[in-house]
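Next come the chains, spelled out residue by residue.
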Amino acid sequence: MNYSKEVENMCVVKKGVDHGPAPIPEEGKWVKAKEIKDISGFTHGIGWCAPQQGCCKLTLNVKDGIIEEALVETIGCSGMTHSAAMAGEILVGKTILEALNTDLVCDAINTAMRELFLQIVYGRSQSAFSEGGLAIGAGLEDLGKGHRSQVGTIYSSKLKGPRYLELAEGYITEVGLDSDNQIIGYKYVNLGKMMDGIKKGVDLMEAIEKASGTYGRFDEAVKKIDPRQE
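Residues numbered from 1 in each chain as written. Predicted model: local features only at pLDDT ≥ 70, side-chain atom pairs only at ≥ 80, totals over all residues. Heavy atoms only, no water.

Engineer: Can you help me understand the packing of aromatic side chains in this one?
Structural biologist: What describes a pair of aromatic rings is the distance from one ring centre to the other and the angle between the planes of the rings. Taken as a whole, this structure holds three aromatic pairs when the rule is applied. Ring centres of W30 and F129 lie 6.2 Å apart, and the angle between their planes is 70 degrees; on these two criteria the pair is classed as edge-to-face. With a gap of 99 residues between them, W30 in strand β2 (residues 29-31) and F129 in the loop between α4 (107-121) and α5 (138-141) connect regions that are remote in the sequence. For W30, a relative accessible area of 59% translates into the label exposed. Ring geometry for Y164 and Y186: centres 6.0 Å apart, planes at 75 degrees, overall edge-to-face. Pair noted here: Y164 is in strand β7 (residues 161-167) and Y186 is in strand β9 (residues 183-189), with a separation of 22 residues, a long-range link. A relative accessible area of 6% means that Y186 is categorised as buried. What links up through ring pairs into an aromatic cluster is the set Y164, Y186 and Y215. Taking the ring centre of Y171 as reference, the NZ or CZ of R228 above it sits at 3.8 Å. (Phe/Tyr/Trp six-rings, centres within 6.5 Å; stacked < 30°, edge-to-face > 60°. Helix = DSSP H or I, 4+ residues; strand = E, 2+ residues; numbered from the N terminus. Buried < 20%, exposed > 50% of the residue type's maximum accessible area, 1.4 Å probe, protein only. Lys NZ or Arg CZ within 6 Å of the ring centre and 35° of its normal.)

Engineer: What's the story with the pairing of β7 in this structure? I'm lost.
Structural biologist: The side chains of a regular strand alternate between the sheet's two faces. The buried count for β7 comes to five of seven residues, which makes it a mostly enclosed element. Direction of pairing for strand β6 (residues 153-157) relative to β7: antiparallel, over a ladder of five bridges. Residue S157 lies in a different strand from β7, and its bridge partner there is G161. Where β6 folds back onto β7 in an antiparallel hairpin, the turn is made up of three residues. Alignment of β7 against strand β8 (residues 170-177), held across two bridges, turns out to be antiparallel. Bridge pairing in β8 links E166 to Y171. Here β7 folds back onto β8, and the loop between the two strands holds two residues. (Pairing = 2+ DSSP bridges.)

The structure is reproduced here in structure tokens:
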């Protein structure tokens with residue numbers, strides 16, 4: 001190690017108290033993290049690319065510094081979906097430091113990794129106060145039985161007003177309006193449940209019907225429109 005002349009000419013002053021790092025909450029314990037293997041936690045983070053054309057929600061389950069589980073959800077950019085597929089293969093099995101310094105192809109996913117790293121190493125994870133943390137598989141539970149992300153897609157114009165296209169319940173097939181042409185409910189198809197039925201051999205139209213439902217006062221609507229065509 002090289003030292004400047006100014007430092008070499010200084011006298012030695014001994015350091016007094018050394019209490020180490022402040023403890024952070026991790027999976028129901030207080031941990032003084034000194035190495036990567038000291039870090040555990042389950043958490044989420046959001047990332048975006050420089051032109052802000054799309055964003056990524058990244059979920060990681062870290063045990064003893066190693067990423068054991070990853071859930072990558074993207075929206076807004078077609079290329080990002082392929083990057084997400086690559087990130088899903090790249091991330092698991094790496095330490096969080098390796099993952100932070102790995103090219104995850106898409107800037108939005110890289111940014112999400114950065115945000116997660118900050119949360120985890122500062123003890124701000126979702127499982128900070130959960131004894132033993134969350135089991136591997138907790139990421140899938142975020143998606144529910146249909147294994148689809150929670151998606152909301154709404155389009156609006158000043159001239160024609162809002163169009164509900166997809167919400168947490170599913171793909172919107174009809175929007176219900178009252179006598180003042182205000183939205184009071186909608187009909188939807190849960191695509192995850194629909195595809196589960198089709199895979200089991202259920203007839204297409206029957207699968208759609210079984211996966212359909214309504215929200216709000218849809219049955220009271222005086223007018224029902226297809227949000228994609230009307």
